[in-house]
Each structure stands twice: as C-alpha cells, then as structure tokens.
Amino acid sequence: AQSVTQLGSHVSVSEGALVLLRCNYSSSVPPYLFWYVQYPNQGLQLLLKYTSAATLVKGINGFEAEFKKSETSFHLTKPSAHMSDAAEYFCAVSERDDKIIFGKGTRLHILP
Amino acid sequence: DSGVTQTPKHLITATGQRVTLRCSPRSGDLSVYWYQQSLDQGLQFLIQYYNGEERAKGNILERFSAQQFPDLHSELNLSSLELGDSALYFCASSPIAGVDTQYFGPGTRLTVL
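Since this is a predicted model, take the numbers as computed values, not measurements.

Draft legend 1. Local environment of the sheet that holds strand S7 (residues 64-68) of chain B. Residue and element names in this part refer to chain B. If you trace the 4 strands from one edge of the open sheet to the other, you get S1-S3-S8-S7, paired in antiparallel fashion. Single-partner strands in this sheet number two, and they are strand S1 (5-7) and S7. Across the sheet, the mean angle from the axis of one strand to that of its neighbour is 15°, orientation sign disregarded. With 3 bridges joining them, S1 and strand S3 (residues 19-24) adopt antiparallel strand pairing. Within S3, the residue paired with Thr 7 across the bridge is Arg 22.

Draft legend 2. Geometry of the pairing of strand S8 (residues 74-78) of chain B. All names here are of chain B. In terms of residue burial, S8 counts as a mostly covered element, since 5 of its 5 residues are buried. Burial along S8 is two-sided: the face carrying Ser 74, Leu 76 and Leu 78 and the face carrying Glu 75 and Asn 77 are both buried. Across 5 bridges, the pairing between S3 and S8 is antiparallel. Its bridge partner lying in S8, Arg 22 is registered against Glu 75. In this structure, S7 lies alongside S8, joined through 5 bridges in antiparallel fashion. Across the sheet, residue Ser 65 finds its bridge partner in S8, namely Asn 77. In textbook terms, the turn of a hairpin is the stretch between consecutive antiparallel strands, and for S7 and S8 this stretch comprises 5 residues, one of which, Leu 72, has a positive phi near 80°.

Draft legend 3. Structural context of the pairing of strand S4 (residues 32-38) of chain A. Residue and element names in this part refer to chain A. Among the 7 residues of S4, 7 are classified as buried, and the element is accordingly described as predominantly covered. Both S4 and strand S9 (residues 87-94) contribute to a ladder of 7 bridges, which runs antiparallel. Within S9, the position partnered with Tyr 32 by the bridge is Ser 94. Connecting the antiparallel pair S4 and strand S5 (residues 44-50) is a turn made up of 5 residues, with Asn 41 showing a positive phi of about 60°.

Draft legend 4. Spotlight on the interface of chain A and chain B. Across the contact, 17 residues belong to chain A and 22 residues belong to chain B. Across the chain A/chain B interface, buried area totals approximately 1,500 Å², and carbon plus sulfur atoms make up 54% of it. For the chain A face of the interface with chain B, the top three residues by lost area are Leu 44, Asp 98 and Phe 102 of chain A, together amounting to 35%. Inspection of the region where chain A meets chain B yields 0 salt bridges. Inspection of the chain A/chain B interface yields 3 residue pairs in polar contact (both at pLDDT 80 or more). Among the secondary structure elements, those contributing two or more residues to the side of chain A that touches chain B are S4, S5 and S9 of chain A.

Draft legend 5. Here's a closer look at the state of the cysteines. All names here are of chain A. Summed over all chains, the structure comprises 2 disulfides over all chains. With a sulfur-sulfur separation of 1.9 Å, Cys 23 is cross-linked through a disulfide to Cys 91. In this structure the cystine formed by Cys 23 and Cys 91 twists about its S-S bond by roughly -65°; its chirality is therefore left-handed. Here Cys 91 lies in strand S9 and Cys 23 lies in strand S3 (residues 19-26), a separation of 68 residues in the sequence. By relative accessible area, Cys 23 is classed as buried at 0%.

Draft legend 6. View of the side chain of Gln 6 of chain B. All names here are of chain B. With respect to the secondary-structure elements, Gln 6 resides in strand S1. The exposure class assigned to Gln 6 is buried, which follows from its relative accessible area of 4%. A polar contact of 3.0 Å, which involves the side chain of Gln 6, links it to the backbone oxygen of Tyr 89. Excluding residues within four positions of it along the chain, Gln 6 makes contact with Arg 22, Cys 23, Trp 34, Tyr 89, Phe 90, Cys 91, Gly 105, Pro 106, Gly 107 and Thr 108.

Draft legend 7. Structural context of the environment of Cys 23 of chain B. Residues and elements named next belong to chain B. Inspection of the secondary structure puts Cys 23 in strand S3. Along the sequence, Cys 23 and Phe 104 sit 81 residues apart, while their C-alpha atoms lie 10 Å from each other. The residues touching Cys 23, leaving out its near neighbours within four places in the chain, are Val 4, Thr 5, Gln 6, Val 32, Trp 34, His 73, Ser 74 and Cys 91.

Rules and cut-offs
- Residues numbered from 1 in each chain as written.
- Chains lettered and ligands numbered in written order.
- Predicted model: local features only at pLDDT ≥ 70, side-chain atom pairs only at ≥ 80, totals over all residues.
- Heavy atoms only, no water.
- Pairing = 2+ DSSP bridges.
- Helix = DSSP H or I, 4+ residues; strand = E, 2+ residues; numbered from the N terminus.
- Axes fitted to C-alpha atoms, helices over the stretch in contact; angles between N-to-C directions.
- Buried < 20%, exposed > 50% of the residue type's maximum accessible area, 1.4 Å probe, protein only.
- Contact = heavy atoms within 4.5 Å.
- Buried area = accessible area lost by both parts, 1.4 Å probe.
- Salt bridge = Lys/Arg side-chain N within 4 Å of Asp/Glu carboxyl O.
- Polar contact = N/O pair within 3.5 Å; in protein donor to acceptor, adjacent residues only side chain to side chain.
- Disulfide = S-S within 2.5 Å.

Dropping the structure here:
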C-alpha cells in the first residue's frame, strides 16, 4: 500500500532563503506524486505533479520538485522564500488508481 | 477561486444528529471526491463518485454515506454524529475519473458538541 512521509511538521526559513520541504513515499507501482498548498481557511491548491514524464517538475509560484526513484523522494524546493509562501504544504501519492494518500503536512513559516 | 463550491461553510450540531454537506463541482467536471481533515488523522480520502456512480472508497465510516446527483452535485451525509467527527470536510472535483489534478472547495467545518 502506498504511503507518504513528510519530514518536519514545521519548517522555518528566512525571507529570501532556500525553501526545502521533504517528502518520501512508498509505492508498489510507479506512482503519481503531488504537492498541494493550503492557505489559512482555504482548500488545497495544486502546486505541481509528477506523472512519469520529466523527473524535475516545475510548478506554480516558483516551486519545483524532483522525483528520485532511488531515494523514493519527491522534495519540494523554492530558491527564494517570500512572505506569501507561508502556508501548509501537503505531499501526496497515488498508485495511478482513484485513491490519493496525503502526508501529514508541513507548515512553512517565513521569518522576516 | 477553484470553482468548487461547498455549503454550508460552518455547521455546529450535537452528538447523535445527522447532517448533510453539499458540493457543487466545477463546470464540466465529472468526478467528485470527499476528504476529511482533522488534527489527529490529517487529510483522509473518504469516497469518490464519477458521473453519478461510486468509483472508489477510502476510510469512510459506515455512518457516512454520499451520492452524486444527475446534475453532478454531491452530498455527504453524516449520521449518528460523534465528537470525533468534528473536522473540515473538503470536496474536490476533476474532469476525469482517475487521480489527476483535483480542484478543492473551501471546505465545510463541522463541529459536533
């Protein structure tokens, strides 16, 4: 069965610094992988997704993620953090069926 | 704005009661997904409908049921409510049946007292 582990329930970075949110997955088949962002009092919004094309996936708001099969990882990065990036981020995996499993989420804090 | 609407935004009720949450998908989307988000369980997939038919089931309790109507809106019925059912309930929609880009609604916050 698929699963997702997000390392760190809270991550703090300074404005302008690199953002790195970690996600490791477990899947018995080549997975689909997703990153979603949730702003306070809102629903989730898709940042980017991996569906077996290029391993480096670029998303909205300057975020990108790299699929590394050997490490079973799909870490999310952004070169320079902005105050507006403060939110909760969810990594998710699907075994190409109709179910999607979400991680517990990582709350990103941006320090001025 | 994702184009997915959910009503009501907030719902406060008592244990043992029954409530209905409503979701209207984006125009043209045939799939509707329901999720529960709570502090202890995180975000959990409950159930999916595609064009009126149940397509996938997740961790949905027997006290919960859902349906998708001919106009493609969906309702999630929660009965015999318990304190632990207090959570945010999200609906998401997508154009296709399989998991791909899902567009999430703003959620319904359910509080069971």
